[in-house]
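# Coordinates in review
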Amino acid sequence: MTALQHVKLGAYYVAHLPEPDDFDFWRERARALVQCEVPPDRVAWVEPGGSGDLFAHGERRMPVPPADARPVRANWRFVSLAKNAILHSDSERFALLYRLLWRLQANPRMMEDKADPDVRRVEELARNVRRDSHKMHAFVRFRLVESEDEEVGDHYVAWFEPEHHILRANAGFFMRRFANMRWSILTPGGCLHWDGETMSEGPPAQVSDAPHGDPMEDLWRTYYASIFNPARLKVGAMLKEMPRKYWKNMPEAALIPGLIAGAQGREATMVEEGSLEFEDRPDTLDGIDRAIHACRKCPIGALDNHAVMGEGPQDAALMIVGEQPGDQEDLAGRPFVGPAGQLLDVHLENAGIERRRAYVTNTVKHFKYVQRGKRRLHQNPQAREIDTCRWWIEAERAIVKPKLVLAMGASAARGILGRTVSISKVRGSPIPLDDGSELWVTAHPSYLLRLDGAAREQQARLFDADLAVVRERLRELAA
């Protein structure tokens, strides 16, 4: 490891760092440069492997700060972010940090400015490093390498490919968690080795240096399959937290596609079996109205509320389905008469859709709420509650026979399909239903009410676009 070298070429200094993740080394040199009043645009930072040969002639020692140099200002927030950001793989991180440190001397409160591009960038770098460390903690999988030497004992080896320079920073986590094991973590940037007492480093490795399985993996796969919970499965969220690029190092990854398919099949079976608890469906809308007022199949129906039946022509070509009645709908006994319903009326009118010609209803028939003093606060229905009420929305569809169903919100879509979908992925395209009708999915008007400013304007445009497509499709089906 060589000392940091500062080469003065005209008015420039080139700083060669010995290690890409050595914050203390960088801080010591950066502090000295600030005290010597060397501005950021006069310093080039070069990490190991970088090229500084163009500045190699005329080498001089690093300037020594004068005795009366003022102390360097660096608040806790800067230091905290810098310790993480310096582990990032962005080659500009050293220059960014020095520029921030330089600016802090004139503006000590600069780190509080969330709009400052330098502050936002260093926050982004630190956030990416923390995320990479989290992935390392979660997805390192050790494999057993058996030893014939009983005194030495077995050795566990893992392969991981971090995006940033996080290996050393996370050594302590694995040392504490696997203190009684002999293990190695191999990465393309270097290796860590723990013998139970001493941590050491090694040169970069290749994936072929790591073992590709051990006898314990079959047991682990069996355990993983047994704890896989289909009721809590959200594929999009799972892939966000466990990206596919890590799967090749995880023995349980081979099971995941089959477990997902099985979970979705089991979910559909549970929904179908749940419907068998009811009597025969009523064959009139009045019959459904009477039945839902007597329904106590889920906890929502046991609350102090009233069932709210759908309304509209029995032969409507369009069925509009929301999530559940709200407080005002419960009191009035009619769907979509509260703030969300009033907003819906405005957007329907703008889209050229006559509400009076549509059949408007909700997938859940009772208002779910929690009492807070005199107020009843809306609560989202659970999947099982939606699936239970699906019996009634299917009965309404069987009688009305709409050509097109507009589901507003994920709960409404689940009430029609029997499974959860992502609105952002399915909106704008028809989903064919078993009875020959089409399902179109959009956001719920109450979602727009929770937004403001540019976000609300953007979502309102998307909502209007969805309604415009529905209007045109209705005209095509009527032709």
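Relevant structure appears above.
Summarised in this report is the structure supplied together with it. Once a new chain begins, its residue numbering starts again from 1 and follows that chain's sequence as written. Local features are withheld for residues below a pLDDT of 70 in this predicted model, meaning they are given only at 70 or higher, and side-chain atom pairs are given and counted only at 80 or more; totals for whole chains, interfaces and linings count all residues. With hydrogens and water set aside, each side-chain value is computed from the structure's full complement of heavy atoms.

So, about empty space enclosed by the protein. Where empty space is left in the structure can be found by rolling a water-sized probe over the atoms. Only protein atoms enter the 1 Å grid used here, on which a cavity is any set of points holding a 1.4 Å probe that cannot leave and a pocket is any open set flanked by protein within 12 Å on both sides along at least five of seven lines; residues with an atom within 4 Å of a point are listed as lining. Grid points are joined across faces, edges and corners, and a volume is the space filled by probe spheres set on the points. For the structure on display, the rule yields one cavity of 30 Å³ or more. Of the pockets and cavities examined, the largest cavity occupies roughly 60 Å³. Ile292, Cys295, Arg296, Lys297, Cys298, Ile300, Gly301, Val364, Lys365, His366, Cys389 and Trp392 are the residues that line the largest cavity. Each residue is assigned to one class: nonpolar for Ala, Val, Leu, Ile, Met, Phe, Trp, Tyr, Cys and Pro, charged for Asp, Glu, Lys and Arg, and polar for all the others, Gly among them. Considering only residue class, the lining of the largest cavity consists of seven nonpolar, two polar and three charged.

Here we take up the packing of aromatic side chains. When the centres of two rings from Phe, Tyr and Trp lie within 6.5 Å, Trp using its six-membered ring, the rings pair. Their planes under 30 degrees apart give stacked, over 60 give edge-to-face, and anything left gives tilted. Under the definition given, this model contains 11 aromatic pairs. Consider the rings of phenylalanine 174 and phenylalanine 178, whose centres lie 6.3 Å apart with planes at 15 degrees: the pair is stacked. Judged by its relative accessible area of 1%, phenylalanine 174 is buried. Of the aromatic side chains, those joined through ring pairs into one cluster are Phe142, Phe173, Phe174, Phe178 and Trp183. Here the guanidinium or amino end of arginine 29 rests over the ring plane of phenylalanine 25, the centre of that ring lying 4.1 Å away. When the NZ atom of lysine or the CZ atom of arginine is within 6 Å of a ring's centre and also within 35 degrees of its normal, the charge is said to sit over that ring. The residue whose ring lies beneath arginine 376 is tyrosine 369, and the NZ or CZ to ring-centre distance is 4.9 Å. Between buried and exposed lies partly exposed: a residue is buried under 20% and exposed over 50% of the maximum accessible area for its type, with that area taken using a 1.4 Å probe on protein chains only.

Glancing now at the sheet that holds strand β5 (residues 143-145). Strand pairing is defined by DSSP finding a minimum of two bridges between the two strands. Note on conventions: DSSP H or I runs of at least 4 residues are helices, E runs of at least 2 residues are strands, and numbering of each starts at the N terminus. In spatial order, the strands read β5-β6-β7-β8-β9; together these five strands make up an open sheet with mixed pairing. A strand with exactly one partner marks an edge of an open sheet, and here the two such strands are β5 and β9 (199-202). On average, each strand axis in the sheet is tilted by 25 degrees relative to the strand beside it, whichever way the strands run. Relative to strand β7 (residues 183-187), strand β6 (residues 155-159) is paired through four bridges, and the arrangement is parallel. Of the residues in β7, the one forming a bridge with valine 157 is serine 184. To obtain an axis, a line is fitted to C-alpha atoms, over the contacting stretch when the element is a helix, and the angle between two such axes runs from 0 to 180 degrees between their N-to-C directions.

On to unusual backbone geometry. The backbone phi angle of phenylalanine 336 is positive, close to 55 degrees, even though this residue is not glycine. Along the polypeptide, phenylalanine 336 turns up in the loop between α10 (327-332) and α11 (339-351). We classify phenylalanine 336 as buried; its relative accessible area is 6%. For lysine 401, which is not a glycine, the phi torsion comes out positive at approximately 55 degrees. When you line up the elements, lysine 401 lands in the loop between α12 (383-400) and β14 (404-408).

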